[in-house]
Structure formats: C-alpha cells, structure tokens
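Listed below are the residues making up each chain.
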Amino acid sequence: MARPEPIRLRRSTLGDDVYETLRALILEHSMRPGDRVNIDALARELDVSPTPVREALARLESDGLVRKRPLAGYTVSPLLTRAEFTQMFEMRLLLECAAARWAAERATPEQREAIAVEATSPTSEADDPDGWHAAFTTHDARFHDLIAEASGNPLLHDGVERLHVHLHLHRRYFPYAHAVTTVEEHQRVAAAIGAGRPEEAEEAMRAHLSRARERRLPAFD
C-alpha cells in the first residue's frame, strides 16, 4: 500500500486527521475493498502511534467502511453485491423521497438556499475524466445530505447518511458520461423544494434515484 510521498498530519487535530486520511484512502480505493488493515504498518506510514489508528478504525467501523472480525482484525468493507445494491436503493427511495417532500414543507429559507446553491455547483470538475471522482461525489453526497437535514427528521437524516457510506465505496464506478445529467436532476429537485412544492419534490427525487440506480447497475455486469 506504499504511496510516492509521505502523508503529513496536523498534530493539533491528530485523531481527526488520521480518521479523515484513512477514510479518504478507503473511498479512493488506495485501501481496496476486502484489504486487510495492518495497524502497525499504517502507524509507521502516518508517523503516529497505533492508538489514533485504532481509534480511527473504530470510527470507520461505525461508518460501515471497515469490518472487524475476532482474531482477524480489520478489513476494508467489501463492495455491495448486486442484490445488496438493489436493496440499498429500495431504502433510498423510501427515505429520500420522503426527505424531499418534508424538505419542501419544512426547510428554512437558509436551507432552501443552501440546497439550491449545491444543486447549481459548477460541474467543471467533471470535465476531467481522470480527476473528477472525488469532487463530484462529494458534491452529490452533500446535496442529498442537505435535503435529509432539511427534512427536519434527525433519524431520517442519520439513516440516509449511513446508506450513503455504502454508495461511496462504489463511487469509482460512477459513469462519467452522466455527471451533467445528474446535476440537472439535482436542480429539478432543488427547484421544487425551493418553491415549497412537496409532491413535485418527492416525484423529482424518485425519478432521480430511479435513474441513478439504472446508471450504476452496469458496473455489476
């Protein structure tokens, strides 16, 4: 798992830095799904003691990004199977369509504005097929998170966030050609929420998620 340059961490926020660094390595597949995690090797690479690495792994386990097995230690969570992927989208359709409806009803003016701004974020990062993944998928996750938060239901917000962890592991397989289409769908959802039209927001979210599921399914072929 060697990388060309050493990773430098800010000591003032060491625990968070280790967590964010390992999370990024997992989501970018530098630590690949199914890889065994060597705590001592990571501690040496990051120039820290094993303690913050263990603490970070405990947080990542809670996020669903790593798994811990007795006597075997930690491994990076595997990619979803096709059946699990379908089940995840079934849950997303239940939760996020409701979130869009409630956001249209309950969001504050500030939340509506934040959703609109995120939906119209520049898509120039999608112009580079080699470097667009991280920026675009961060935008996508933030857009959906803002809507879940604006729903006014903290339990729903937490459920959406946990589902997205599994989606992040698949983000390397997102079809580049559909990035602009995804942004257009986001804008339709945001417009309905901004206008306070619950039924339209719910239907726009349902259409977006259904199409997103179809765009990603070829990765399992």
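Here the structure is a predicted model, which means the values were calculated and not measured.

Conventions we followed
Residues numbered from 1 in each chain as written. Predicted model: local features only at pLDDT ≥ 70, side-chain atom pairs only at ≥ 80, totals over all residues. Heavy atoms only, no water. Core = buried A, V, L, I, M, F, W, Y, C linked by side-chain atoms within 4.5 Å. Buried < 20%, exposed > 50% of the residue type's maximum accessible area, 1.4 Å probe, protein only. Helix = DSSP H or I, 4+ residues; strand = E, 2+ residues; numbered from the N terminus. Contact = heavy atoms within 4.5 Å. Expected span 1.5 Å × (residues − 1). Axes fitted to C-alpha atoms, helices over the stretch in contact; angles between N-to-C directions. Left-handed = near helix turned anticlockwise from the far one by under 90°. Nonpolar A, V, L, I, M, F, W, Y, C, P; charged D, E, K, R; others polar.

A.B. asks: Would you mind going over the nonpolar core with me for this structure?
C.D. replies: Here is a general trend for soluble globular proteins: nonpolar side chains tend to be buried in one another's company. Ranked by internal contacts, the top residues of the largest apolar core, which has 33 residues, are Ile115, Ile147 and Ile193. Elements that contribute at least two residues to this core include exactly α4 (82–106), α5 (109–119), α6 (133–150), α7 (154–169), α8 (179–194) and α9 (198–216). Beyond its immediate sequence surroundings of up to four residues, Ile147 is in contact with Ala99, Ala100, Ala103, Ile115, Val189, Ile193 and Met205. Of all hydrophobic cores here, the second largest spans 23 residues; its members include Leu42, Leu46, Val48 and Val165.

A.B. asks: Hey, could you run me through helix α3 (residues 50–63) in this one?
C.D. replies: For an α-helix the count is 3.6 residues per turn, leaving residues at separations of three or four pointing the same way. With 14 residues, α3 extends 20 Å from end C-alpha to end C-alpha; this agrees with the ideal 20 Å at 1.5 Å per step. Against the buried residues of α3 lie α1 (14–27), α2 (39–46), β1 (66–69) and β2 (73–76). Remark: Gly64 follows α3 within two positions and exhibits a positive phi of approximately 90°.

A.B. asks: Which parts of the structure should I look at to understand α1?
C.D. replies: Relative to the 20 Å expected for 14 residues at 1.5 Å per residue, α1 spans 20 Å between its end C-alpha atoms, a close match to the ideal helical length. When α1 is considered as a whole, its buried residues turn out to be Asp17, Val18, Tyr19, Thr21, Leu22, Leu25, Ile26 and Leu27. Packing partners of the buried residues in α1 comprise α2, α3, β1, β2 and α7. At the C-terminal side of α1, His29 shows a positive phi close to 65°.

A.B. asks: Explain the environment of Thr51 here, please?
C.D. replies: Assignment of secondary structure puts Thr51 in helix α3. Spatially, the C-alpha atom of Thr51 lies 9.8 Å from that of Asp40, the residues being 11 residues apart in sequence.

A.B. asks: Before we go on, may I ask you to explain the packing of α2 against α3 in this structure?
C.D. replies: Think of two packed helices as two axes; the pair is described by the angle between the axes and how far apart they sit. With their axes 9 Å apart at the nearest point, α2 and α3 run at an angle of 115° to one another. The interaxial crossing formed by α2 with α3 has right-handed handedness. Where α2 abuts α3, its residues Ile39, Asp40, Leu42 and Ala43 lie against Pro50, Val53, Arg54 and Leu57. Across the contact of α2 with α3, the residue classes break down as six nonpolar, no polar and two charged.

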